[in-house]
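Architecture and fold: a report
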Amino acid sequence: MSNASELKKFNKKTRIMTFLVENLFMVCAFVSVLAVAIITFFIFYSGLPGMIEIGIFDFIFGTDWSPVYADGGFGILPMILGSIYATAGAIIIGVPVGLFTAVMLSRIAPKWLSRIMRPAIELLAGIPSVVYGFFGLMVIVPFVQKFFSLPMGQSLFSAILILSLMILPTVITISITSINSVPREYTEASLALGATKIETIFKVEIPAAKSGILSGVILGIGRAIGETMAVIMVAGNSPYMPTGLFSSFRTLTGNIAIEMGYASGLHRSALFATGVILFVFIMILNLVLMAITRKGGAVRE
Amino acid sequence: MKFHKVLAIIMAAVLMIALFAGCKKDNGTGEETDTYKLSIIGSTSVQAIAGPLAEAFEDKYPGSSAEVQGGGSTVGVTQATEGAADIGMASRNLKDSEQGKGLVEHKIAVDGIAIVVHPNNTLTSLTTEQVQNLFSGVITNWSELGGADNPVVVVSREEGSGTRGAFEEILDLEDMVLQTIVSDSTGAVKATVAGNENAIGYISAGSMDSSVKAMVIDGVECTTANIKSGVYTVSRPFLMLTLGEPNENAKAFLDFVFSKEGQDIIENEGYVRVD
């Protein structure tokens, strides 16, 4: 009798706890979803009217950015291209270096070496971007200027160097994880058939880890395209079309960060509209990432 | 229970006192002060310091209101001439056509801009025309001015920056300044110029230091004294205009602006004081 009522009481208590905890988790889950929804709404709400006033075509394909003058232009094509060039450059340098590092650490290097190198690489991911920027301004910019004897070191090339460095940890850690998750049988079968270690790595393991590595690359692209502070400090930020590897250029994020302070009226909404374009870029990247991981998952099954 | 009642009464008393205290004109020292009401309209550049000045003025004379509006120097002159505003603001000297209409000029501050280069640059002086040519890209190599055979790298500020607006306005370079490098603060311009022997930039004269070299313009050095007296040409006066002698409200505000307190605010905002 008393046992049964105690059990009932206990059950009731557990039920209440479960209810409370589940709802707490639900609220927590909603916080981030709500944040995304609010930010999305805010960017489009503040940016779209300006974009429509300027004309979407003129905004995206215009090449003249001079928003404070009477007959000023609101074209952000130079910034769109700037972001794309800088990101592409960072991928071209950063991905091979990152991938080879991952191969080395997961397959070739002796244990003691990778025990030293992995924390070092993870540390690279934790350095604040303003520190990267400062390093770029004090070391890379003067180096680029001297080495190539240029009028100035602030350039697309300097930004690419900094960004390559910044995407390395993302590319490396995700590649290591996906190479390590390649089933042992693949490797053993390949070696048993007489393939060398290098052949096995590049013809069996990397293709098997392809979708994971690609995810790392996409995340790296996301980091590079969204990077602001470090790029501002080394890019030169001129609003003109980038004319070459050594020309001063401006990215989409840089455009917003540099001019937000004093902007008002249409200039301000044009900056929000720049945010809309950036948002669309990131959305596309995320969709690509989702497609890749879904496909990768299907293959592994 | 009794404790709660006592607490409630004390709280109510505190609230009442706070309420009455709020009604009294009090500037914190306990003495009552006068209240003023005035409108200030005109140059957006002057607005940048008129805003903080108005805030401090309202703090000093609680209950007063000094309403600051932009619109541009020409609007400031017109509104003051028509008596629509108590004070008009202009960031330039009055044109001939604007003079003789009974406006009284009060120079509240001077905005000076230093043209800066790397300390290793062999040139020490430039003419206004050379400055215009350098910044608009007509002169592209320092050798054209007798300097070293190095390309000129123009360092500018971002769109919307007050310093850039003033620089372009004074030198008649609106929408013509090259933007080879765009830095988003005075400090960044200084750092960029200090780090590149080919660079030339401009900064508010109040922020000069030895990391960069200020050019002598048209034979006049960029010093506070020269800016104050107006002989240094890359500068402009910040004027407050009144129709005839200022009325009671405008006088109280102008007195505040010319007081040490007001001039300190002006200096803090990066402009040259006039007292």
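Rules used throughout
- Residues numbered from 1 in each chain as written.
- Chains lettered and ligands numbered in written order.
- Predicted model: local features only at pLDDT ≥ 70, side-chain atom pairs only at ≥ 80, totals over all residues.
- Heavy atoms only, no water.
- Helix = DSSP H or I, 4+ residues; strand = E, 2+ residues; numbered from the N terminus.
- Contact = heavy atoms within 4.5 Å.
- Areas by Shrake-Rupley, 256 points an atom, 1.4 Å probe, with all protein chains shown as cover.
- Buried area = accessible area lost by both parts, 1.4 Å probe.
- Salt bridge = Lys/Arg side-chain N within 4 Å of Asp/Glu carboxyl O.
- Domains from an automatic or database assignment.
- Polar contact = N/O pair within 3.5 Å; in protein donor to acceptor, adjacent residues only side chain to side chain.
- Nonpolar A, V, L, I, M, F, W, Y, C, P; charged D, E, K, R; others polar.
- Phe/Tyr/Trp six-rings, centres within 6.5 Å; stacked < 30°, edge-to-face > 60°.
- Buried < 20%, exposed > 50% of the residue type's maximum accessible area, 1.4 Å probe, protein only.
- pLDDT = per-residue confidence, 0-100.
- Patch = residues over 30% accessible without salt bridge, like charges linked within 9 Å, V, L, I, M, F, W, Y side chains within 5 Å.
- Core = buried A, V, L, I, M, F, W, Y, C linked by side-chain atoms within 4.5 Å.
- Pairing = 2+ DSSP bridges.
- Right-handed = clockwise from strand over helix to strand, strands pointing away.
- Lys, Arg positive; Asp, Glu negative; His and termini not counted.
- Charge placed at Lys NZ, Arg CZ, Asp CG, Glu CD.

Scanning chain B from terminus to terminus reveals 9 helices and 11 strands. Sequence-distant contacts in chain B: of pairs separated by 6 or more residues, those separated by 24 or more amount to 71%. Here chain B has roughly 12,800 Å² of accessible surface; of this, 53% comes from carbon and sulfur atoms.

Attention now goes to the interface of chain B and chain A. Contact residues are listed per partner, giving 22 residues for chain B and 23 residues for chain A. With both sides pooled, the region where chain B packs onto chain A buries about 1,700 Å², and carbon together with sulfur makes up 52% of that total. Three residues, Glu159(B), Gln179(B) and Val182(B), lead the burial of chain B against chain A; their summed loss comes to 34% of the area buried on that side. Here chain B is connected to chain A by 0 salt bridges. Taken together, the elements giving at least two residues each to the side of chain B that touches chain A come down to β6 (153–157), α5 (162–171) and β7 (181–183) of chain B.

The subject of this paragraph is the domain arrangement of chain A. The parts lose accessible area when they come together, and the size of an interface is often stated as this lost area. Residues and elements named next belong to chain A. Segmenting chain A into domains produces domain 1 (2–54) and domain 2 (77–300). For domain 1 and domain 2, the distance between their C-alpha centres works out to 34 Å. The partner domain 2 presents 9 residues to the 10 residues of domain 1 that form the contact. Between domain 1 and domain 2, roughly 870 Å² of surface is buried when both sides are summed, and carbon and sulfur atoms account for 89% of that area. Three residues stand out in domain 1 for area buried against domain 2, namely Ile43, Phe44 and Met51, and they jointly supply 43% of the buried area on that side. Between the two partners, domain 1 and domain 2, sit 0 salt bridges. The interface formed by domain 1 and domain 2 holds 0 residue pairs in polar contact (both at pLDDT 80 or more) in total. Considering only residue class, the side of domain 1 that touches domain 2 consists of 5 nonpolar, 4 polar and 1 charged.

So, on to the packing of aromatic side chains. All chains considered together, the criterion is met by 20 aromatic pairs over all chains. Aromatic side chains Phe148(A) and Phe157(A) sit 5.4 Å apart centroid to centroid with 85° between the ring planes, which places their arrangement in the edge-to-face category. For Phe148(A), a relative accessible area of 31% gives the class partly exposed. A residue is classified by how much of its surface remains accessible, and Phe157(A), at 16% relative accessible area, is buried. With 4.0 Å between their ring centres and 5° between their planes, Phe167(B) and Tyr202(B) make a pair best called stacked. With Phe167(B) in helix α5 and Tyr202(B) in strand β8 (residues 199–204), this residue pair connects regions lying 35 residues apart in the sequence. On the basis of relative accessibility, which here comes to 0%, the residue Phe167(B) falls in the buried class. When its relative accessible area of 1% is taken as the criterion, Tyr202(B) is described as buried. What links up through ring pairs into an aromatic cluster is the set Phe143(A), Phe147(A), Phe148(A), Phe157(A) and Phe246(A).

Glancing now at the pattern of salt bridges. Residues and elements named next belong to chain B. Per the counting criterion, the structure on display carries 17 salt bridges over all chains. A salt bridge links Arg164 to Glu159; the nearest nitrogen and oxygen atoms lie 3.4 Å apart. For the pair Arg164 and Glu159, a shared accessibility class is recorded, and that class is buried.

The pLDDT averaged across chain B works out to 86; a share of 90% of its residues lies at or above 70. Across the predicted assembly, pTM comes out at 0.78 and ipTM at 0.81.

All names here are of chain A. On the surface, Ile16, Met17, Phe19, Leu20, Val21, Leu24 and Phe25 cluster together into a nonpolar patch covering about 720 Å² of accessible area. Examined against the element boundaries, Leu20 turns out to sit in helix α1 (residues 2–54). On the basis of relative accessible area, Leu20 is assigned to the partly exposed category, the value being 48%.

Counting 41 residues, the largest nonpolar core has Ile115(B), Leu134(B), Phe135(B), Phe167(B) and Ile200(B) as its most contacted members. Going through the elements one at a time, β4 (103–117), α4 (128–136), β6, α5, α6 (186–194) and β8 of chain B are the ones with two or more residues in this core. Beyond its immediate sequence surroundings of up to four residues, Leu134(B) is in contact with Leu126(B), Ile139(B), Trp142(B), Leu145(B), Val152(B), Val154(B) and Ile200(B). In this structure, Ala90(A), Phe157(A), Ile162(A) and Leu163(A) belong to the second largest nonpolar core, which totals 30 residues.

What follows is about the pairing of strand β2 (residues 65–69) of chain B. All names here are of chain B. For strand β1 (residues 37–42) and β2, the ladder comprises 5 bridges, and the chain directions are parallel. Within the sheet, the bridge partner assigned to Ile41 lies in β2 and is Gln69. Considered for its hand, the β-α-β crossover made up of β1, helix α2 (residues 44–60) and β2 is right-handed.

We now examine a negative patch on the surface. A cluster of acidic side chains, namely Asp64(A), Asp71(A), Asp172(B), Glu174(B) and Asp175(B), defines a negative patch on the protein surface. Counting through the fold element by element, Asp71(A) comes out in the loop between α2 (56–61) and α3 (77–108). What makes Asp71(A) exposed here is its relative accessible area of 65%.

For the rest of this paragraph, the subject is the environment of Pro96(A). Structurally, the position occupied by Pro96(A) is in helix α3. Here the alpha-carbon distance between Pro96(A) and Ile172(A), two residues 76 residues apart in the chain, equals 9.9 Å.

This brings us to unusual backbone geometry. All names here are of chain A. Although it is not a glycine, Ser149 adopts a positive phi angle of roughly 35°. Mapped onto the elements of the fold, Ser149 is located in the loop between α5 (129–147) and α6 (156–180). By relative accessible area, which is 64% here, Ser149 ends up exposed. Residue Asn237 is not a glycine yet carries a positive backbone phi of 60°. For Asn237, a relative accessible area of 4% corresponds to the buried category.

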